[in-house]
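Overview (structure and organization)
As a plain string of letters, each chain reads:
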Amino acid sequence: MSGSRRAAIVAGLRTPFVRAGTDFAQLDVLELARSVTVELLQRANLDPTEVQHVIYGNVTRPVQYSNLARELVLASGLPRTTPADTVTLACASACQAITDATNLIERGYADVVIAGGVEMLSNVPISLSPPLARALVSASQARSTGQRIASFRHLRLADLPPVAPTITETSTGLSMGQSAELMAKLNGISRADQDAWALGSHHKAAAAWQDGRLAAEVAPVFVPSDTGHAVTRDNHIRPDTSLDKLAQLKPVFDRAYGTVTAGNSSPLTDGAASVLLMSEERARGLGYSPKAFVRAYAYAAVDPAGQLLLGPAYAIPQALDRAGIALDDVEVVEMHEAFAAQVLSTLKKLDSDAFAREELGRSRAVGCIDAGRINLGGGSIALGHPFGATGARCVTTLANTMERRSAGLGLVSVCAAGGIGAAIVLERS
Ligand SMILES: CC(C)(COP(=O)(O)OP(=O)(O)OC[C@H]1O[C@@H](n2cnc3c(N)ncnc32)[C@H](O)[C@@H]1OP(=O)(O)O)[C@@H](O)C(=O)NCCC(=O)NCCS
């Protein structure tokens, strides 16, 4: 909180989240971001000239858009004079976009900001090995055919295959899934508990579609094809899954002794989400009733060689302290579910006196988040997880839930590659 200016969450919207390689595979990442942003402005009935800044998260950066957020401005009919920047904080990229927007608003540098994120894992940028890339550049600058041919002279067969991005930590060589396995083992998280969490995620997400909660925050995306069609729903939710079916799935990241499966992991996903933030004064001046306000936030980081996805267990207490509240004061929580093992490890640590004493320098546990106040409409395991967009999905859902329940305080947390944890506290009063 700074001074008297507060950043209001006025509206939020997302595309359907779909498994990579399915409904959005033919779409361009910019089109996905544009589609939801234009729809957000229309549903909010906001004159685009009001928008003063755009901040957008994206992880697997498309080669053709060095600043995707600025392209989004130019493609969405926003004033061509609107500055924009693209941010990357792995799975917490949209959290970074939203807290950057909050800073701009609280400092009085902007009154209306669009923040969000997008990921298109169907079309990740595939690059060339450095020797092949250097050879091609050199060939393009050659002045004769002989020089052009000579550019390729030092290439080896191993330089030829394309290089795809991975979800592996550079410093440890471990994938996210392997790190989740490690966390399950270190924290004693059983396969049965992980599967039960995943089951709950699917069932709650299915119920939230059924009763209209999710339909209200998802905008259809038009996919031009031979006939053209609209994608209207998330496509990973399995209302018919069961503990029996989940128990039959083989572990993926440690085939011999592991507990992390396709069923209790979030899937690779395409999707985008945008949030409209305003200063409280401008929001009320334009006739909006803010859904919630950003009260505080925090980022923390842990050593990736340890428990990679435990960052939120450190960021949450910091954000709560900055908000001047306790975990018990929080009525609803949206916690990103990279893996059930990661969520359950984080909840266990937050409820541990020993962790509080040894790691946080506090005398008592941060607190217990019971099932009745977390991820009430499902989480990333069922809904999917487009890296750049998830933070905006969580903030939108939390703000809507708080509005619906007249909840005073809410909390978002997202774990991210590099050992980063993000936590944002929203308030309503
Ligand atoms: C875990 C992972 C490797 C699984 O990928 P996948 O094998 O393509 O997953 P699928 O969706 O095809 O599921 C595999 C099988 O499990 C089944 N399955 C998955 N979830 C299920 C569920 N809830 N209930 C029943 N069956 C399920 C599928 O039907 C499929 O069965 P089939 O082989 O008979 O068709 C992939 O989702 C992944 O890498 N996730 C982690 C992403 C990540 O690291 N994100 C970063 C987080 S910070």
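This text goes with the structure placed above it.
The sections below set out a description of the structure shown in this document.

Reading the values: rules and limits
- Residues numbered from 1 in each chain as written.
- Predicted model: local features only at pLDDT ≥ 70, side-chain atom pairs only at ≥ 80, totals over all residues.
- Helix = DSSP H or I, 4+ residues; strand = E, 2+ residues; numbered from the N terminus.
- Rg over C-alpha atoms; globule rule 2.2 N^0.38 Å.
- Buried ≥ 20, exposed ≤ 12 C-beta atoms within 10 Å, placed from the backbone.
- Contact = placed C-beta atoms within 7 Å.
- Near = placed C-beta within 6 Å.
- Nonpolar A, V, L, I, M, F, W, Y, C, P; charged D, E, K, R; others polar.
- Axes fitted to C-alpha atoms, helices over the stretch in contact; angles between N-to-C directions.
- Parallel < 35°, antiparallel > 145°, perpendicular 65-115°, else oblique.
- Left-handed = near helix turned anticlockwise from the far one by under 90°.
- Pairing = 2+ DSSP bridges.
- Expected span 1.5 Å × (residues − 1).

**A few points about the overall build of the protein chain**
- If you tally the helices and strands in the protein chain, you get 14 helices and twelve strands.
- Against the 2.2 N^0.38 benchmark of 22 Å for 429 residues, the protein chain shows a C-alpha radius of gyration of 22 Å, consistent with a compact globule.
- The buried share among the 429 residues of the protein chain stands at 51%.
- Nonlocal contacts in the protein chain, meaning residues at least 24 apart in sequence, comprise 79% of its contacts between residues at least 6 apart.

**Examining the environment of S201**
- Note that S201 resides in helix α7 (residues 191-210).
- Separated by 159 residues in sequence, S201 and Q42 have C-alpha atoms that sit 31 Å apart.

**Concerning the site of the ligand**
- Near the ligand lie 19 residues; those nearest to it are M176, T241, A262, G263 and A338.
- A class-by-class count of the residues in the shell around the ligand yields eleven nonpolar, six polar and two charged.

**Considerations on unusual backbone geometry**
- One non-glycine residue, N45, lies in the positive phi region at around 55 degrees.
- Inspection of the secondary structure puts N45 in the loop between α1 (29-44) and β3 (53-57).
- Despite not being glycine, S406 has its phi angle at roughly 50 degrees, a positive value.
- The topology assignment puts S406 in the loop between α14 (390-405) and β11 (409-416).
- You can call S406 exposed: it has 9 C-beta atoms within 10 Å.

**Focus: the packing of helix α6 (residues 176-187) against helix α11 (residues 340-350)**
- Relative orientation of the contacting elements α6 and α11 amounts to 40 degrees, with a least axis distance of 9 Å. One finds that α6 runs oblique with respect to α11. Crossing geometry of α6 relative to α11 is assigned as left-handed. Here A180, M183, A184 and N187 of α6 come into contact with α11, specifically with A341, Q342, S345 and K348.
- In the contact of α6 with α11, the residues fall into four nonpolar, three polar and one charged.

**Some thoughts on the pairing of strand β9 (residues 292-301)**
- Most of β9 is tucked away, with eight of its ten residues classed as buried.
- Bridge count between strand β1 (residues 7-14) and β9: two bridges; the pairing is antiparallel. Its bridge partner being in β9, A8 is matched across the sheet by F293.
- Here β9 runs beside strand β12 (residues 420-427); their pairing, made up of eight bridges, is antiparallel. Within β12, the residue paired with V294 across the bridge is L426.

**Examining α1**
- Look at α1: 23 Å from first C-alpha to last across 16 residues, which is about the 22 Å you get at 1.5 Å a residue.
- Every buried residue of α1 is listed here: V29, L30, L32, A33, R34, S35, V36, T37, L40 and L41.
- On its buried face, α1 sits against β1, β3, α2 (68-75), β5 (112-120), β6 (221-223) and β8 (269-279).
- Downstream of α1 by one or two residues, N45 has phi in the positive range, about 55 degrees.

**Describing the pairing of β5**
- Burial analysis of β5 places nine of its nine residues in the buried class, the great majority of the element.
- Burial along β5 is two-sided: the residues V112, I114, G116, V118 and M120 and V113, A115, G117 and E119 are all buried.
- As defined by bridge partners, β3 adjoins β5 across five bridges and the pair is classed as parallel. Directly across from Y56, in β5, lies its bridge partner G116.
- For β5 and β8, the ladder comprises nine bridges, and the chain directions are antiparallel. Note that in β8 the partner of M120 across the bridge is D270.

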